Amino acid sequence: MNPFVLLILFSSLGLGTSLTFASSHWLLAWMGLEINTLAIIPLMAQHHHPRAVEATTKYFLAQATAAAMILFAGTTNAWITGTWEMADMSNPLASTMVIIALALKIGLAPMHLWMPEVLQGLDLTTGLILSTWQKLAPLALIMQTAQSISPALLTTLGLLSTLVGGWGGLNQTQLRKILAYSSIAHMGWMIIILQYAPQLTLLALLTYIFMTSAAFLTLKTLTTTKINTLATAWSKNPALSATAALVLLSLAGLPALTGFMPKWLILQELTKQDLPTIATVMALAALLGLYFCLRLCYSMTLTISPNMNNPTTPWRTSTTQTSFSLALLTTAALTLLPVTPAVLVLTT
């Protein structure tokens, strides 16, 4: 794609998200979300492949539906209350419609069905943008309107998302679908704690971005999208395969890695709020995610591919991709657990 076109599209992505962040008016927020959606669609469809076009179409339909619901909810609230301000969502019908539309935007269960299919049809770079940057604007709107949304609805969305995200990834062989279900589960963790400690939602989002970015960039460097091709990764790049396994375990929330920090603090906060049953279900759902991440680690580090083609030696070719961002994100995804006390000071 032409560099100038790419510059315009990435600038529009930044503009749409910034506009949504800065707005307290439903029309401006809706405009920001629309700019965001329209900017990423050419990036999704730039590879003229039937799967990419299909994924782009599905994404457009899901996002257009959500945008229409947000506009309808904002109009309904303005009609009843006389104001377009986000802070004044006193009408229960409008606030329920808004949270359902925003849940569809970020792929929360049970509005998650588009997410794995769309991510599977994209290349890894666009998939990374869809899994990280595209979550920011809807999550900002959810955080702004959380106080007017039914706590039971938020808890249901969070629990369903963690369970679906863990259960859905168990039987997958495509890495992009596994990362999509992991994303759904992480969104559930963020939503369930939002009503009690919004600062923990921000912490979970930050660590999720670090870990998911490191995972996508690692797969891009290894040029692999399926579990069976992970078996050749060790021959290509042993050091990267070792760090990739640790990044996946961090994504699953294994102790001693960065991904354990938000889960630990969220479970602690749920217990403080006298919700031990919900905390137990969340912890058990996290074990499902840990299982499929262990499957990937096993394929990557403990198996050798039987399909080695002797005349070609792909493991000897040096990569031309830049590795500084990958190294930085991998370090953040693995080593931030010791700063938990500092995080606790900042979040209390």
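Here the structure is shown first, and the text comes after it.
Residues numbered from 1 in each chain as written. Predicted model: local features only at pLDDT ≥ 70, side-chain atom pairs only at ≥ 80, totals over all residues. Heavy atoms only, no water.

### Examining the side chain of Thr-224
Locating Thr-224 in the fold gives a position in the loop between helix H10 (198-222) and helix H11 (227-230). The buried category is assigned to Thr-224, whose relative accessible area is 2%. A distance of 2.4 Å separates the side chain of Thr-224 from the side chain of Thr-229, its partner in a polar contact. Discounting residues that sit within four places of it in the chain, Thr-224 has contacts with Leu-124, Leu-175, Leu-219, Thr-229 and Leu-230. (Helix = DSSP H or I, 4+ residues; strand = E, 2+ residues; numbered from the N terminus. Buried < 20%, exposed > 50% of the residue type's maximum accessible area, 1.4 Å probe, protein only. Polar contact = N/O pair within 3.5 Å; in protein donor to acceptor, adjacent residues only side chain to side chain. Contact = heavy atoms within 4.5 Å.)

### What to know about the pattern of salt bridges
In this structure the tally under the stated criterion is three salt bridges. With a shortest N-O distance of 4.0 Å, Lys-58 and Glu-117 are connected by a salt bridge. With Lys-58 in helix H3 (residues 50-81) and Glu-117 in helix H5 (residues 114-120), the pair connects residues that are 59 residues apart, well separated along the chain. Residue Glu-117 pairs with Lys-177 through a salt bridge whose shortest N-O separation is 3.4 Å. Of the two residues, Glu-117 is situated in helix H5 and Lys-177 in helix H9 (residues 175-194); the sequence distance between them amounts to 60 residues. Lys-177 sits in the buried class, given a relative accessible area of 17%. (Salt bridge = Lys/Arg side-chain N within 4 Å of Asp/Glu carboxyl O.)

### Observations regarding the nonpolar core
Core analysis: the largest hydrophobic core is formed by 107 residues, its most contacted members being Trp-26, Ile-40, Tyr-59, Val-118, Leu-139, Ile-142 and Leu-270. With 13 residues, H9 is the largest single contributor of residues to this core. When neighbours within four sequence positions are excluded, Ile-40 is seen to be in contact with Leu-13, Tyr-59, Ile-129, Leu-130 and Gln-134. (Core = buried A, V, L, I, M, F, W, Y, C linked by side-chain atoms within 4.5 Å.)

### Here we look at helix H1 (residues 3-22)
Over its 20 residues, H1 extends 28 Å from the first C-alpha to the last, a length consistent with the 28 Å expected when each residue adds 1.5 Å. All buried positions along H1 are accounted for by Leu-9, Ser-12, Leu-13, Gly-16, Thr-17 and Thr-20. Projection of H1 onto a plane perpendicular to its axis shows the buried side chains occupying an angular sector of 120 degrees, all on one side. Of the exposed residues in H1, those oriented more than 90 degrees away from the buried face are Pro-3, Phe-4, Leu-7, Ile-8 and Ala-22. As for H1, its buried residues are in contact with helix H2 (26-44), helix H6 (124-131) and helix H7 (133-145). Of the residues flanking the start of H1, the one acting as N-cap is Asn-2, its side-chain oxygen 2.8 Å from the backbone nitrogen of Phe-4. (Expected span 1.5 Å × (residues − 1). Arc of directions from axis to C-beta.)

Read these as geometric descriptors, not functional statements.
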